[in-house]
Amino acid sequence: MVSPGNLSIVSQATSGSVNPSFNGDDINALIERYHFSEEARNIVKLERLLPAGVLNRLEVNYPQHSGLRETRPFLFKAGSNYAGLDGFRKVCQILEENGVKLDKIKEREFYIEVYRFLATSHSLNIINWDNYKTDSLYQLVLPQPGMIDPEATRAYVEAETAEERARIVVDYSEKTNPHDGNQQLNKPWFDNDRGEVEFLEGSQHKYPQCQLVFDTTTQNCFSFCTYCFRHAQVRGDEDMFLQKDIAQLHNYLKLHKGVTDILITGGDGGFMPASRFAQYITPIIEDPELSHIRTIRLGSRALTFQPEMILTKKFEKMFELYDLLYENGIQMAWMAHFSTPRELLNPRTIAAIRRLKAHGVMVRSQSPIMNHISLFTDKNGKVDVNKSAQNWIDLANILAMLGIGFHSMYAARPTGEHLYFAAPMADIERVFSKIYNSLASINRPSRHISMTISAGKLAILGTSVIGGEKCFALQFTEARNMEWMNRVFHAKYDEEKNKIDLLLPFDTENYFFEDELKEIEENLSEALRKRLA
């Protein structure tokens, strides 16, 4: 049923086109096709991680996204990883042997040399290679022609020597802006017991309640997203964030009682071994001076790229720690980044999610809305609002069916190959409005579409008409000064701007926060300057 005003979009599931009834033999065949290890098979069976009822409901509602009934043989050997130029070339070889020939290889290799490449067999196998050019995961995992500036790409492709190509790569890498939003200004410091100023080299503390930790063990990924905005970390830039000393973090937290949440990120927080994770959480559980910490967040895309790691005996050491957090009143939140339904509709990911949730883990999705991946254009290059919105409506409902919280949607940040993944904010607002109006309230994202800027996370609430003129209504969802969040303000309507901080104030010369933001940034810059000196 479509609501009045045609604001909502109904599911596009094709009723009657699938056999909705999974039985024991079907589930065994599914496990066999996905090459579950013997260990994983036993865990799935013992812990009932793939119940027929869940699979039936997902398949009957969303067959157009699902891999649950597919029978096509996988192309990539289970458990394999493909890294760097050699790995990419191996992927191309395997594809060509199976009738899929990628074009413009040199252009793709330029991207890999500037950033990095890593793909897991799981992520490669859930791509629909029968129709790969329009597959979202193909765009997410493999570099595409047209991603990088055409002039630089042409110079790389035409270079005659490896030395010349290397110079082009270095020159272009310096332009990729890996620390958008003045991230280097977010490094926290404190006066230690010796009266010295200590900087936390591997943390960011931009918002009072949440501290980001870039641990030394989390500086890798299971696959590299083509839109990555943390490429300074994964390619090992000199100015990457790297937290080596855990005790230093705890000392800082004791002096900052306003911090309630720690977000372990990277790279990928899922790389942290249980022994290292225990060093973080044990003092938080045992030391009364750290009792203000209420949530541990782990930022990871393992559920998309390598969910099988959660279906092992080895991971049970981590589950013991998750159980310990739960027993001590500390929320354990697994922050995933789902942006396509197909990421979820495979047995490995479903089983891994259910296993996490069985141990008190709150799985949530912070979801990037990226052109070519989760935002789609028509034949004229214009954003297809209905198709794009439907992707997200389906995703939101699948998240709900699996018990995953839809935390937020965020637009492409001005880093990496922003122009390839970005779209006009006006189009994104139209897509988001259709999503929001089409979902039950409990399944909507918890905040409006936002983009990170130096001042904070700025959301577009919608459009207004003031004095007969259309404008955007804006509000901070996070801010360098949290009092800024209390105010709704307006920007001039613009059909073309693809960054929220390019929007012009509606009825004032400057935004209300700009003078204070300048002062905050200058103070932080001066503190950093003194530290570096």
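Residues numbered from 1 in each chain as written. Predicted model: local features only at pLDDT ≥ 70, side-chain atom pairs only at ≥ 80, totals over all residues. Heavy atoms only, no water.

### Examining the packing of helix α8 (residues 150-158) against helix α9 (residues 162-173)
As a reminder of what qualifies: For helices, the fitted axis covers only the stretch in contact; all axes are lines through C-alpha atoms, and the angles between them, taken along N-to-C directions, range from 0 to 180 degrees. Only DSSP runs of H or I covering at least 4 residues are called helices, and only runs of E covering at least 2 are called strands; the numbering of each starts at the N terminus. Reported orientations rely on four angle classes, namely roughly parallel under 35 degrees, roughly antiparallel over 145, roughly perpendicular from 65 to 115, and oblique for the rest. When the near helix sits turned anticlockwise from the far one by under a right angle, the crossing is termed left-handed; a clockwise turn instead gives a right-handed crossing. Two residues form a contact once any of their heavy atoms are found within 4.5 Å. Polar here means any residue outside two lists: the nonpolar Ala, Val, Leu, Ile, Met, Phe, Trp, Tyr, Cys and Pro, and the charged Asp, Glu, Lys and Arg; Gly therefore counts as polar.
The contact between α8 and α9 brings their axes to 9 Å, and the two run at 160°. Between α8 and α9, the angle falls in the class roughly antiparallel. Handedness of the α8/α9 crossing: left-handed. Residues A152, A155 and Y156 of α8 form the contact with α9, whose own contacting residues are R165, I168, V169 and Y172. Within the contact of α8 with α9, the residues separate by chemical class into six nonpolar, no polar and one charged.

### Description of the environment of H448
How we decide: Buried residues are those whose accessible area, probed at 1.4 Å on protein chains only, stays under 20% of the maximum for their type, while exposed residues exceed 50% and partly exposed ones sit between those limits.
The residue H448 is located in the loop between α18 (425-438) and β12 (450-453) in this model. Looking at H448, the relative accessible area reads 22%, which means it is partly exposed. Note: C-alpha distance between H448 and H407 (41 residues apart in sequence) is 10.0 Å. Apart from residues lying up to four places away in sequence, H448 is in contact with M409, F432, Y436, A459, I460 and L461.

### With respect to the pattern of salt bridges
When their charged atoms lie close together, side chains carrying opposite charge are able to pair. Our working rule: Each reported salt bridge corresponds to a side-chain nitrogen of Lys or Arg within 4 Å of a carboxyl oxygen of Asp or Glu.
With the rule as written, the count across this model stands at 23 salt bridges. Between D26 and R69 there is a salt bridge, with the nearest N and O atoms lying 3.9 Å from each other. Pair noted here: D26 is in helix α1 (residues 24-33) and R69 is in the loop between α3 (52-61) and β1 (81-83), with a separation of 43 residues, a long-range link. D26 sits in the partly exposed class, given a relative accessible area of 21%. Taking relative accessible area as the criterion, R69 reaches 29% and is therefore assigned partly exposed. Close ionic contact of K313 with E316 constitutes a salt bridge, the shortest N to O distance being 4.0 Å. Of the residues examined, E316 reaches a relative accessible area of 27% and is grouped as partly exposed. Each of the salt bridges in this network shares a partner with another, and the network as a whole consists of E47, K313, E316 and R355.

### Brief notes about the side chain of T176
Under the convention used in this document: The term polar contact refers here to a pair of N or O atoms within 3.5 Å; inside protein, the definition further demands a hydrogen-donor-capable atom paired with an acceptor-capable atom, and it admits residues adjacent in sequence only when both atoms are side-chain atoms.
Of note, T176 is situated in the loop between α9 and β3 (189-191). Looking at T176, its side chain comes within polar contact range of the main-chain oxygen of S173, at 2.8 Å. If near-sequence neighbours (up to four positions away) are discounted, T176 is found in contact with V114, Y115, H231, R235, T415 and G416.

### Some details on unusual backbone geometry
With a phi angle near 50°, R48 is a residue other than glycine that sits in the positive phi range. Note that R48 resides in the loop between α2 (38-47) and α3. The class of R48 is exposed, set by a relative accessible area of 58%. The phi dihedral of H372 is positive, around 80°, even though this residue is not glycine. Within the secondary structure layout, H372 lies in the loop between β10 (361-369) and α16 (385-401).

### Describing the pairing of strand β15 (residues 489-492)
Our working definition: Note on pairing: DSSP must find at least two bridges between two strands before they are called paired.
Because side chains alternate across β15, one face comprises the buried residues F489 and A491, and the other comprises H490 and K492, none of which is buried. Here strand β14 (residues 469-479) runs beside β15; their pairing, made up of four bridges, is antiparallel. The residue bridging L474 from the neighbouring strand is F489, located in β15.

### Some remarks on the confidence of the model for the chain
Put simply, the test is: What pLDDT expresses is the predictor's confidence in each residue, scored from 0 to 100.
The predicted model of the chain averages 92 in pLDDT, with 95% of residues at 70 or higher. Low confidence marks residues 1-18, where pLDDT is under 50. Its contacts with residues over four positions away, or in another chain, come to 33 contacts.

### Let's talk about the nonpolar core
Applied cut-off: Buried Ala, Val, Leu, Ile, Met, Phe, Trp, Tyr and Cys residues form a nonpolar core when they are joined through side-chain atoms within 4.5 Å.
One finds F277, I296, Y322 and W334 to be the most contacted residues of the largest nonpolar core, which totals 149 residues. Considering every element that reaches this core, the biggest residue donor is α16, with eight residues. Here Y322 is in contact with F277, L298, F315, M332, W334, L356, H359 and V361, once residues within four sequence places are set aside. By size, the runner-up hydrophobic cluster in this structure holds seven residues, among which are C210, L212, L263 and M335.

### Side note on the side chain of N186
Relative to the elements of secondary structure, N186 occurs in the loop between α9 and β3. Here N186 falls in the buried class, since its relative accessible area comes to 4%. A distance of 3.1 Å separates polar atoms of two side chains, one belonging to N186 and the other to Q204. Once residues lying within four places of it in the same chain are set aside, the contact partners of N186 are S203, Q204, H205, K206 and R480.

### Overview of the packing of α16 against α18
Between α16 and α18, whose axes approach to 9 Å, the crossing angle comes to 45°. For the element pair α16 / α18, the angle class is oblique. Taken as a pair, α16 and α18 cross one another with a handedness that is right-handed. Every residue of α18 that contacts α16 at V385, N386, S388, A389, W392 and I393 is listed here: R430, V431, K434, I435 and S438.

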